[in-house]
Amino acid sequence: MTERPLRVGVIGVGTMGTDHADRLATRISGAELVAVADADSARAAEVAARYPGVRAIANPLDLIADDAVEAVLIASPGFAHEEQVLACLAHGKFSLCEKPLTMDSAAALRLVEVERDKAGRPLVQVGFMRRFDPEYAELRRLLDDGELGRLLLVHNIHRNRTSPAWFRDSAAIVNDSLVHEVDVCRWLFDAEIETVTLLTPTPSGRAPEGLRDPQVAIFQMAGGGVATTEVFVNSQVGYEVRCEAVAELGSATIGLGQEMLVRRGNAYAGRIPDDYRQRFARAYDIEVQEWARACRRGQVAGPTTWDGYAASVVCEAGVASLATGQPVRVELADRAEILRP
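Residues numbered from 1 in each chain as written. Predicted model: local features only at pLDDT ≥ 70, side-chain atom pairs only at ≥ 80, totals over all residues. Heavy atoms only, no water.

Before going further, it helps to examine a nonpolar patch on the surface. Taken together, the side chains of Leu199, Val216 and Ile218 define a hydrophobic patch exposed on the protein surface, amounting to about 190 Å² of accessible area. A residue is classified by how much of its surface remains accessible, and Ile218, at 32% relative accessible area, is partly exposed. (Patch = residues over 30% accessible without salt bridge, like charges linked within 9 Å, V, L, I, M, F, W, Y side chains within 5 Å. Areas by Shrake-Rupley, 256 points an atom, 1.4 Å probe, with all protein chains shown as cover. Salt bridge = Lys/Arg side-chain N within 4 Å of Asp/Glu carboxyl O. Buried < 20%, exposed > 50% of the residue type's maximum accessible area, 1.4 Å probe, protein only.)

Structure below.
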């Protein structure tokens, strides 16, 4: 007998949430989109009308409480995440929350503790989708296999063609862009970040006035590793994300975009995608598919509330370093104590 699909509701149907709604409605097996909610009720109604049987629910908290919704994908603005994740925990429902988990580390730590006390097991997955990208997953497997020896260095490149209109605060580059590399480095090294240093050259003339862009972050990892990340959100070129892992016996690089490299007329060229939805389309598909499968097993398949909390602490240290250019120590809570049974 065929098992009934997981019934999923999506909160927030802006660019990312609409993309997820379509993914759930058309590409994810074992799950079905049953409801959407958004602060813009007309927008929610318009998205719901695209798919037969999908309801638009005015209040996101009502969507979470609805008995017809078994799991919730949260793609609302970050300031709403804490209340919505707390509601999911109160109702014992699995959730996939797009980053950031919350707007600050203290709120994120509260979610870690509430999840521990109310659920007694992980119910929340945080949307760091790069862990599901085939190239990143292959890199992690290579490092885990030990063929290259111990990981020593990671070098990241994270570039956007232009920054969105609301990207006018230099801290936004840390909190909304660099945060992905924070999770990547913790994941590849399987270690926490101990110190963060943010350096800024003379800003690009193409950056909005007052925006310190590009930025270079240096992470000192527990265990002795070092990671560097260039974030350049007004590169004028396209959306480029690359990662090189340097180990004792060799190195590996991903994100070179060499699926098709054309050579002609004494030149060679490939295509650089416009935005994250193109570069990581497959990663998002795999992420949501694995989340849905894990929900049906009663598990979480990816980054947890602790990962969301740790990323928040690192980003806060990064913003502090941005003001001085000096290393800032990352002060995490005691994980063993916080996650005690």
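Once you've had a look at it, read on.
The next thing to look at is the packing of aromatic side chains. A complete count under the given rule lists five aromatic pairs for this structure. Geometrically, the ring pair formed by Tyr276 and Tyr284 is edge-to-face, given 6.4 Å between the ring centres and 65 degrees between the ring planes. Its relative accessible area of 25% is what places Tyr276 among the partly exposed residues. A relative accessible area of 3% means that Tyr284 is categorised as buried. One aromatic cluster is present, built from ring pairs that chain together Tyr136, Tyr239 and Phe280. (Phe/Tyr/Trp six-rings, centres within 6.5 Å; stacked < 30°, edge-to-face > 60°.)

Within the structure shown, the criterion is met by 27 salt bridges. Among the ionic pairs, Arg116 bridges to Asp117, the shortest N-O distance being 2.8 Å. When its relative accessible area of 18% is taken as the criterion, Arg116 is described as buried. Measuring nitrogen to oxygen at the nearest pair gives 3.9 Å for the salt bridge that ties Asp183 to Arg186. Remark: Arg186 and Asp183 occur in helix 7 (residues 170-189); sequence separation between them is three residues, near one turn of the helix. As far as burial versus exposure is concerned, Asp183 and Arg186 are alike and both buried. (Helix = DSSP H or I, 4+ residues; strand = E, 2+ residues; numbered from the N terminus.)

For the rest of this paragraph, the subject is the UniProt feature "domain: Gfo/Idh/MocA-like oxidoreductase N-terminal" (unreviewed entry) in the protein. As recorded in UniProt, the sites labelled "domain: Gfo/Idh/MocA-like oxidoreductase N-terminal" (unreviewed entry) are residues 6-125. The span residues 6-125 carries 42% helix and 21% strand; its end-to-end C-alpha distance comes to 16 Å. (UniProt positions renumbered as here; feature names shortened; annotations may be inferred.)

It is worth spelling out helix 5 (residues 105-119) at this point. Helix length check: helix 5, at 15 residues, gives a terminal C-alpha distance of 21 Å against a target of 21 Å (1.5 Å per residue), a fit within 8%. Among the residues making up helix 5, those that are buried are Ser105, Ala107, Ala108, Leu109, Leu111, Val112, Glu115 and Arg116. Looking at the buried positions of helix 5, the neighbouring elements they touch are helix 4 (81-90), strand 6 (124-126), helix 10 (305-324) and helix 11 (335-338). Its side-chain oxygen 3.1 Å from the backbone nitrogen of Ala106, Asp104 forms the N-cap of helix 5. Of the residues flanking the end of helix 5, it is Gly120, one or two places downstream, whose phi is positive at about 75 degrees. (Expected span 1.5 Å × (residues − 1). Contact = heavy atoms within 4.5 Å. Polar contact = N/O pair within 3.5 Å; in protein donor to acceptor, adjacent residues only side chain to side chain.)

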